[in-house]
Amino acid sequence: MVEVLDVDLDRERVSLSLKALQPDPLVEVARSRLGDVVTGPVTKVVPFGVFVEVDDGVEGLVHASEFADGVLPGEGRELRVRIADINLRSRRVRLTLV
């Protein structure tokens, strides 16, 4: 089964999507994991913090202010974090260190 995204009669094209039928992983995490403590790898380091994968397809930000020594861990390092907040509208996940 697929979802029809668009039909262009002039060009005789139909846009289909399999992904649109799958549940949004962020919504699933918001429903069942908010407040949970998880361990995940750092996937990206940016000047204002690090992104950590908390579930398949879901990453959240640990702000740089969470690191007492001011040194951000490198990519691949495992961090233990709490899923503190999920904003579905802006698609942002806020994490805190445990």
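Please refer to the structure placed before this passage.
Residues numbered from 1 in each chain as written. Predicted model: local features only at pLDDT ≥ 70, side-chain atom pairs only at ≥ 80, totals over all residues. Heavy atoms only, no water.

A. Structural view of the pattern of salt bridges. Scanning the entire structure with this criterion turns up five salt bridges. Arg33 is paired through a salt bridge with Asp36; the nearest N and O atoms lie 3.5 Å apart. On the basis of relative accessible area, Arg33 is assigned to the partly exposed category, the value being 23%. Judged by its relative accessible area of 30%, Asp36 falls in the partly exposed class. Between Asp55 and Arg33 there is a salt bridge, with the nearest N and O atoms lying 3.8 Å from each other. Here Asp55 is found in strand β4 (residues 49–55), whereas its partner Arg33 is found in the loop between α1 (25–32) and β3 (37–46), with 22 residues between them in sequence. (Salt bridge = Lys/Arg side-chain N within 4 Å of Asp/Glu carboxyl O. Buried < 20%, exposed > 50% of the residue type's maximum accessible area, 1.4 Å probe, protein only. Helix = DSSP H or I, 4+ residues; strand = E, 2+ residues; numbered from the N terminus.)

B. Expanded view of unusual backbone geometry. A positive phi angle, near 55°, is found at Glu12, a position not held by glycine. Position of Glu12 among the secondary structure elements: in the loop between β1 (3–8) and β2 (13–17). The class for Glu12 is exposed, based on a relative accessible area of 73%. Although it is not a glycine, Arg91 sits at a positive phi angle of roughly 60°.

C. Spatial organisation of the pairing of strand β6 (residues 78–87). Direction of pairing for β3 relative to β6: antiparallel, over a ladder of five bridges. Its bridge partner lying in β6, Pro41 is registered against Glu78. Counted between consecutive antiparallel strands, the loop separating β6 from strand β7 (residues 92–97) contains four residues, among which Arg91 sits at a positive phi close to 60°. (Pairing = 2+ DSSP bridges.)

D. Layout of the sheet that holds β3. Pairing is mixed around the closed barrel formed by five strands, whose spatial order is β3-β4-β5-β7-β6. Adjacent strand axes in the sheet meet at a mean angle of 50° when their direction is disregarded. Taken together, the six bridges between β6 and β7 define a ladder with antiparallel strand orientation. Across the sheet, residue Arg82 finds its bridge partner in β7, namely Thr96. Lying over the sheet, α1 contacts β4, β5 (58–63), β6 and β7, oriented at roughly 95° with respect to β6. (Axes fitted to C-alpha atoms, helices over the stretch in contact; angles between N-to-C directions. Contact = heavy atoms within 4.5 Å.)

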